[in-house]
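If you want the building blocks of each chain, they are given just below.
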Amino acid sequence: MADVTAEFFDRLAERGIVPGFARTTGSVRFDLTRADQTEYWRVEFRRGVVTVDRAADAGHAADCVVRTDASTFDDLATGRANVMATLLRGRLEADGEPELLTRFQRLFPAPVKRDMATSSARTIGKRRG
Amino acid sequence: MTAPMVRILDGNTFVVCDERGDVEASPTEPTGLFSFDMRFLSQWVLTIDGQKLNSLSTDDLQYFQSRFFLVPGTGTVYIDAKLSVIRERSVGDGFHEELTVLNHQSEPVELTVRIDAASDFADLFEVKDALKKVGDYATHIEDGRLHLQYTRETFKRETVISASAPASIDEHGLTFAVRIEPHGSWTTDLDVVTSRGGRVGTFAKPKYGRGAKQARPNMERSLERWIADAPRLECDLGQLTATYHRSLVDLAALRFSPPVAGGKSLPAAGLPWFMTMFGRDSIFTSLQSLPFTPELAATTLRVLGDWQGSRLDDFRDEDPGRILHEMRYGEMAAFEERPHSPYYGSVDATPLYVILLDEYERWTGDTKLVRDLEFEARAALNWIDQYADLMGNGYISYKRRNEQTGIENQSWKDSWNSISYSDGRLPDFPRATCELQGYAYDAKLRGARLARLVWKDPAFADRLEREAEDLKRRFNRDFWLADRGYFAIALDADGSKVDSLASNNGLLLWSGIVDTAKAKSVVAHLMGPRLYSGWGVRTLAEGEARYNPIGYHLGTVWPFDNSFIAWGLRRYGYKEEAARIASDILDAATLFDGRLPEAFGGYDRALTKYPVQYPTACSPQAWSTGAPLLLLRTMLGLEPIGDHLVVDPALPDSVGHLELLDIPGRWGRIDAFGRGRIAVEGRGAKPSGGRGAAGRQR
C-alpha cells in the first residue's frame, strides 16, 4: 500500500504557500505510532509559508503536539476520517495550542462518499422543551 | 407534574436539578450534571435515614452557584423540624457541594446520611429519547473515590466522586454514619469531577472548593470586572436600568470559551442546552452587544474564522468559505451519528460574518483584525456567489445535502413549517428567503468598504459594489408583491413568490436593500394590526393560513427579531416606529423581571395585558439578552461615523432622561444623553417627534 501519509505531507511541502494561513504562526508535530514505531512529522507555518520536516524526532519541540496511530492519520489524510470527530472519539490527542490543530485541519481533503445515518426526523431547529 | 427546575452553569458544564438539589433523571425529566454535551450524573439523591428531604427554599446565589435549605419530613404537614440541611453547590469542571446537617435538639442524634449516585452518560441529543447505549459501563472504587465510567472504543467519559468526611463507598453511592451533638452540626464536602477521553484525571478537583470563594478562573474577566467595564446606564425609568443590568449579567453567564479559543470567550446561544458555538446566534449577539462589550465580537470573528468551511462535505453541509452553524462535543458527534463536528447547515451566518467584521471595525477601528481575517472575509464573500446560489438565479438559497440529520430551514426561522404561502402550502427546495438577499447585499457593500480601506483592493471593492447594486435592483423587482405592498418571504424552487406577510420584511430594512420608495409601505405593514401585536412585530402575520400566536415561528414575537427591525426602521428614518418597538419590547422585559424570553405569544396586547412566554427550556437566550442592548443603541441613535460616534436620540417619553456613560470605541470613551419625547402610550397616539442632546467626547 502506498504511504498515503507521506504523500499527504509531500504534497503539503510542495505547495509551500498555503492561502488562508497568513495569520497563522506556529508549529505542529505529529507523532504517529505504527506497531512499536513512532514516525514524526513537523509542520511549521510562518506568514503563510509552510515547511514540512520529516526527520524530526520527539526532541524537536513544537507549539502543538498531535498524537495518534498511523492508520488513523492515513484515514485523515485520505478523507476517510474527520479531525474533530476523531478528537472527540479519543483516537487523537492534541497538547499545547489546540488552535493550531484547528487551523491545520482545513488542509485535510474532502471526505470520500459515505453512507449517512439511518434515522430521519423532522427538524425543529433549536426548539427544545 | 413537573417540579421546579434549578439550573447553574459554568461554560458548558451545568446542573439541572429539582428544588431539593436532587437529580433523578428520566425520559421526561432532563435533569443531571452535564458537560461537553454529555450527562455525567443522572442520579444524585440525598437521603437521611432512608428518607428524602423537603425543600424550604432555594437561593440562586450566582449563575454558577445555588443553595438549598431542606428539612426531613413527609412534606404534607409541616412539623417543626428537629434537623435541617443545607446544600451549597458550585459548578465548574464538575461540581463542589458543601453538605451541612444541623441538629436543633437538646440531645445528640445518630443519622445515616446517604448520597445515591449514578450516570447513564447520555448524549444531550439522546437525553429525551432514552436510546440504548452502544458502549460499556463500569464502576469501581479507588483511593476512597467512586469512579463511574463509560467506554466506547477509545471514547471515554468518567465521573469521579469523593467526600472530605469519612464515608463508606459502594458502587451506588456514599454512606456517612453521623453523630451530631445537641445544637451541633456536621459537614462534608462532596466533589464531583468530570473527565473526558485521553484527559481522564486531568481535573483532580472541581473548580470551586469549600466556601466557593476562590475559583480557578477560566474566563478572562470576572463578573465584577465585566460589569465595571461596560458602559453605565442612568435613566429616570428604573426598570430600564434593571433590565440593562440583567442583560449584562446574563451575557456574562452566556460567555462560552470553546476549547480552541485560547481562553477567550464568545456568546453561546442559550442556557443551558445551547452552551456551544452557534454561527448565527454568536454573530447576532455580538452585533447587539458591540457598543457595550466589543471584545465578544472579536472572539466570535476569530473562532468562527478558524472553523470556516474548507471543503465539500455533504454530511456536514460544509462548503469552502461557509461559516459553521453549530459545534457539539458529545458521543453522537464523535461517532458521526450527528453532523455537529461542526455542522455547517446555516445559510445566513456566512454573509452575517462579513457584516459583523465591518460593523466591528466601524466601532473599534481595529484594522489589524480586518487584515488578519482578509482571507476568511473574501472566502465568505466568494461563498455567496459560488456555493450559495443553488438555483443559478443570483440569489442565495438553501437545500440541505444531509437529508437525514441536516436542518431543513437554514435561516433563522429554522423550524420545518416556518416558510409558507399565504394559503399554508410549503414551498419546495431550494428556497431563497428574502432576508438572505438583504444580508448578501449588505455583506457586499461592507466588504467593499473593507476592501478599499484595509485590503487596498479598490478593483474588488468596485466589483462588490456593482454586484450589490445589481442585486438590489433585481431583488426589488423579483421579491416585491406590488398588489400587497410588501416583499415575499421567499422565492420557491420554481421562482414563484411565496406570498405570506412576515417579519422578515423588517430585517430587509436593516440590510438596506429596500428601495426608499417601497419602505413606507413595508413600515405600514410592520406596524399594522396584522403584524404588530402591541408588544412587537409578529414572526408571521395574523390572517396567514399557518398563523398561530404560539407557533414557534408562526406568529410569536421574538425580541431579537424586533431589535434588528428597530435598527432597520432607524436606518430608513422611521424614528417614532423604532421607539415604539423599543418601548413595547422593554415593557415586556420589565414584566419578565428584565430577562426577555426567546419568544412570546403573538396575542394582541389589548387581549392579554401581559406577554405570554413561549415555553422553551432555554433561558436566558443570548440574542434575547442582547435585544435590550441593541434597542438602547437604536433609541439613542448611536452610529460610528469616521472616528466619531454620532448620537441622535429618539426616545419614548416613558423613558424620561437617559444617559449612557463611557461607551467604548475608536474614540476612546464617550457619553450619550437623550430625553424621551416620543409619545407611544396607547394605540394611535400621535408621535411628537424626538429631540435630544448630542454626545460628549472626553
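Here the structure is a predicted model, which is why all the values come from computation and not from measurement.

Colleague: What am I meant to see in the confidence of the model for chain A here?
Modeller: Within chain A, residue pLDDT values average 86, and 85% of them lie at 70 or more. Taken together, the stretch residues 116-124 of chain A has pLDDT below 50 and engages in 14 contacts with residues farther than four places along the chain or on a different chain.

Colleague: What am I meant to see in the packing of helix H3 (residues 279-289) of chain B against helix H4 (residues 295-306) of chain B here?
Modeller: Between two packed helices, what matters for the description is the angle formed by their axes and the separation of those axes. Residue and element names in this part refer to chain B. The geometry of H3 relative to H4 is characterised by a closest axis approach of 8 Å and an angle of 155° between their N-to-C directions. With respect to each other, H3 and H4 are oriented roughly antiparallel. As H3 runs across H4, the sense of the crossing is left-handed. Residues Gly279, Ser282, Ile283, Ser286 and Ser289 of H3 lie in contact with H4, whose contacting residues are Leu296, Ala297, Thr300 and Leu304. Here the contact of H3 with H4 is composed, by residue class, of four nonpolar, five polar and no charged.

Colleague: How do you make sense of the sheet that holds strand S25 (residues 490-491) of chain B when you look at a structure like this?
Modeller: Strand pairing in a sheet relies on backbone hydrogen bonds. The paired strands run either parallel or antiparallel. Residues and elements named next belong to chain B. One open sheet holds the three strands; their spatial order is S22-S25-S26, and the pairing between them is antiparallel. Each having just a single partner strand, strand S22 (432-433) and strand S26 (497-498) make up the two edges of the open sheet. Pairing analysis gives two bridges linking S22 to S25, with the strands arranged antiparallel. The residue bridging Thr433 from the neighbouring strand is Ala490, located in S25.

Colleague: Just to check I follow, could you spell out the environment of Asp170(B) for this structure?
Modeller: With respect to the helices and strands, the residue Asp170(B) is situated in strand S16 (residues 168-170). Residues Asp170(B) and Arg145(B), 25 residues apart in the sequence, show an inter-C-alpha distance of 9.6 Å.

Colleague: How do you make sense of the pairing of strand S12 (residues 109-118) of chain B when you look at a structure like this?
Modeller: Remember that side chains alternate between the two faces of the sheet whenever the strand is regular. Residue and element names in this part refer to chain B. Sheet topology note: the strand S6 (residues 43-48)/S12 ladder contains six bridges and is antiparallel. Paired with Thr47 across the strands is Arg114, a residue of S12. In this sheet, strand S17 (residues 173-180) lies alongside S12 in antiparallel orientation, the contact comprising eight bridges. Its bridge partner lying in S17, Asp116 is registered against Gly173.

Colleague: Explain the sheet that holds strand S2 (residues 13-17) of chain B to me, please; I cannot follow it from the model alone.
Modeller: Residue and element names in this part refer to chain B. The sheet built from four strands is open, its strands ordered S1-S2-S4-S5 with antiparallel pairing. Each edge of the open sheet is held by one strand with a lone partner, namely strand S1 (6-10) and strand S5 (38-41). Shown here is a sheet whose adjacent strand axes are inclined to one another by a mean of 25°, direction ignored. Alignment of S2 against strand S4 (residues 32-35), held across four bridges, turns out to be antiparallel. Bridge pairing in S4 places Thr13 opposite Ser35.

The rules we used
Residues numbered from 1 in each chain as written. Chains lettered and ligands numbered in written order. Predicted model: local features only at pLDDT ≥ 70, side-chain atom pairs only at ≥ 80, totals over all residues. pLDDT = per-residue confidence, 0-100. Contact = placed C-beta atoms within 7 Å. Axes fitted to C-alpha atoms, helices over the stretch in contact; angles between N-to-C directions. Helix = DSSP H or I, 4+ residues; strand = E, 2+ residues; numbered from the N terminus. Parallel < 35°, antiparallel > 145°, perpendicular 65-115°, else oblique. Left-handed = near helix turned anticlockwise from the far one by under 90°. Nonpolar A, V, L, I, M, F, W, Y, C, P; charged D, E, K, R; others polar. Pairing = 2+ DSSP bridges.

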